[in-house]
Structure formats: structure tokens, C-alpha cells
Amino acid sequence: MIALGVESTADNLGIGIVTSDKQVLANILDIHVPQEGGIHPREAARHHSENMGTAIKKALDTAGVTGKDIDIIAFAQGPGLGPCLRTGATSARALAAYLGKPLVGVNHCVAHVEVGRMATGAEDPLTLYVSGGNTMVSGYESGRYRIFGETLDIAIGNCLDTFARAAGLEYPGGPDIERKAKLGEKLIPLPYTVKGMDLSYSGLLTAITGELETGKHSVEDLCFSLQETAYAMLGEITERALAHTGKPELLLTGGVAANKRLAGIVNDIAEEHGAEPFIVPIRLAADNGAMIAWTGIEAYNAGVRTPVETSHVNPNWRMDQVEVPWRS
Ligand code: ATP
Ligand code: FE2
């Protein structure tokens, strides 16, 4: 079976083509970079609709297949930015109708976990999913992915990107902060906010921005301190959830999974608890169409269908609201 997946929850437009035996035939990424400031939902949606046709054609050409070879059309139904989601959903509906193929709506957060399992071979991991819009620790239990801990305000990636913009670093901020942090030496005291199994990054962002504005610290020390504090918080809630659930595996996924320092912390935690660590490969870490296509295949094979009448997008669709019959 071959699935085409449409990812358009935020500023990345992704079209992936994946087979039921886990081969990624194409994974086309077209990133919308805002001219200034953060993501503008309508601007990003316009970018996606203008580039959708080209991206789909490029994916089919790369995969060496035609529309007729595609068995299902999967799309990210939520969570995400309304205008961006609607652009992807409209294209997916049109494509499914034109090709006469079934439509499968996929939860974007579940897809980050599923592609991590697919690519690493992890079977039943506790998952730390970290990206620009999400920060959560989850694991499968009784038919759903339960959320054990999450951010109470902004996501880790958002925190990194906002600081990077204030410091004049490259956008998105994660990679540049990681490079600079390697050269930092001084740990600036910053707020460390863990509340039970949850955490909060807004106080940390305000504080690090304040330290930047004093002009007293090198950008390397600021990046080092931000990373150490932010990732220690993630480590604490992940470790607690791992001890609580007793899961045999620990998976790191989402765009921030590209960070080597965070991957090191995840490896250490897993080792200490006798769990096997897995890090999603970088090409599947950030938002992409292949993860949507793959999750679409799993869902479809477990009987999930999304008729057009119920294919409206859901910008606030939480991961723990999704039934995952393919795991039971
Ligand atoms: P979601 O919709 O799942 O929240 P997203 O739109 O934020 O996803 P992703 O591609 O999953 O997209 O993640 C992007 C984030 O990953 C950005 O915040 C970026 O700074 C961060 N990132 C990328 N590389 C690194 C890195 N090496 N270290 C830390 N963060 C990184
Ligand atoms: Fe994502």
C-alpha cells in the first residue's frame, strides 16, 4: 500500500509518500520563512496554497509513482494554525476526490510519535516530543497516547526561537543556539520551573531576554545557560514519567530532537533506568509529510476513515483525544 501525506500545520509545507513496508519514497519539504517576526498564519497558508501543486508533483516524481499508484490520502487534521490546516485539508480532499481514494485525517502530534517508532524500531516507548509548538511527555496506555507531562505555557522550540530573534541569531533558533552554546562556559542563574509533571518556559524566556539586554554576557554564555536550564527541566519530567510508567523504551521526537545536548540527556536518563533510548533521525524530526503518510497507513489498516463530512480541521486537537486502534 502507498500513502501520500500532506503536512501543513504551521510554517512547513510537507508532502510525503510512504509504503506500508516503511519505505519513504519521497519527503518534500517547502519551508515558509517569514520576512520578519514570527509565523503569520495567513501568510504561511498563502505560501502553502501557492506551492502545494508543485510540492505534490515533486513528491510523485521523486517517488517515481503516479496518482493512480496512491492508495490513500492522509492529511494533518490538527492541531495547528487554522488557515494552514485548512489549506492542507482542502488540497487533500480535492486530491482524494479526484483520484477516488480514501481520506484519512491524522493527528500531527501522534504522527511525530509514530514516525519515531517507525524509523527507530521502538515498540512501546515513553516519548518526549519537543517542537516549536509542543512540549510533552506521553506514552501509550489503554487505547490512547496519554500525556504525563507538558508545558503550561509556551513550547521549548518557541522559547528558543523567540530568544534567537531577540539576540539576532538565525531563524529558526534551535541550531544556531546549539552551535553557540558549545562555546559557552558560564552558567547564568535562570528560573527553573517544574510543577509536578509539568513545566513552564515563559519565565525562563523573560529572564534570558532580560540578561541579554543587560549586555553583560556573551551570546555563547546566554545560549549555554538557556539550553542547560531548559533541557534540565525536560530531563526532570521525562525521568519522573519513565520511573512512573516503567516503559522499556525512551523516544525523543519532534524538531528539537535534532539537538545533540538534549539527545545526550535522554540517553543518560534511559541508561539510568534500564530503558532503551531512541532518537528520531534528523530528516524525520521536523514537521514532514512522511510522518503523516505513515500514520495514515497505520490508522487506515486499523479501520480509520475520514469521510469528507467529518474532515473539518481541529486546531486544538489534543493527542490524548485520539483513539489509536493500531496499537491495541
Ligand atoms: P509542531 O507543530 O509539532 O509544534 P513545529 O512547527 O514547531 O512543530 P518542528 O519542525 O517539529 O516544527 O520543530 C521546529 C523547532 O525545532 C524550532 O523551534 C527549531 O528551533 C527547533 N530545532 C531545530 N533544530 C534544533 C536544534 N538543533 N536544537 C534545538 N532546537 C532545534
Ligand atoms: Fe510538528
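Here is what the cut-offs are and how they apply
- Within every chain, residues take consecutive numbers counted from 1 along the sequence as written.
- Working convention: letters from A go to chains and numbers from 1 go to ligands, in the order in which they are written.
- With the structure being a predicted model, the display of local features is reserved for residues of pLDDT at least 70 and the display and counting of side-chain atom pairs for 80 or more, all residues being used for whole-chain, interface and lining totals.
- Only heavy atoms go into the side-chain values, all of them from the structure, while hydrogens and water stay out.
- Note on method: axes are straight lines fitted to C-alpha atoms, helices fitted across the in-contact stretch only, with angles between N-to-C directions ranging 0 to 180 degrees.
- Here a strand is any run of E in DSSP of at least two residues, a helix any run of H or I of at least four, and the numbering for each starts at the N terminus.
- Between 65 and 115 degrees an angle is taken as roughly perpendicular, under 35 as roughly parallel, over 145 as roughly antiparallel, and anywhere else as oblique.
- Residue contacts follow a heavy-atom distance rule, with two residues in contact if any of their heavy atoms lie within 4.5 Å.
- Expected span of a helix: the number of residues minus one, times 1.5 Å.
- When a residue's accessible area, from a 1.4 Å probe over protein chains only, is under 20% of the maximum for its type it is buried; when over 50% it is exposed; and in between it is partly exposed.
- Here the arc refers to the directions that run from the helix axis out to each C-beta atom.

Trainee: So what's going on with the packing of helix H4 (residues 156-166) against helix H7 (residues 219-245)? Which residues, and what values?
Mentor: Where H4 contacts H7, the two axes come as close as 12 Å, and the packing angle between them is 170°. Judged by the angle between their axes, H4 and H7 are roughly antiparallel. For the pair H4 and H7, the contacting residues are Ile156, Cys159, Leu160 and Phe163 in the first and Leu222, Cys223, Leu226, Ala230 and Tyr231 in the second.

Trainee: Please give an account of helix H6 (residues 202-214) that cites residues and values.
Mentor: Counted at 1.5 Å a residue, the expected span for H6 with its 13 residues is 18 Å, and the 19 Å between its end C-alpha atoms agrees. Of the residues making up H6, those classed as buried are Leu204, Leu205, Ile208 and Thr209. Down the axis of H6, the buried set is contained in an arc of 130°. They therefore lie on one face. Along H6, the residues that are exposed and aim more than 90 degrees away from the buried face are Thr206 and Glu213. Packed against the buried residues of H6 are H4 and H7. Positive backbone phi, approximately 70°, marks Gly215, located one or two places after H6.

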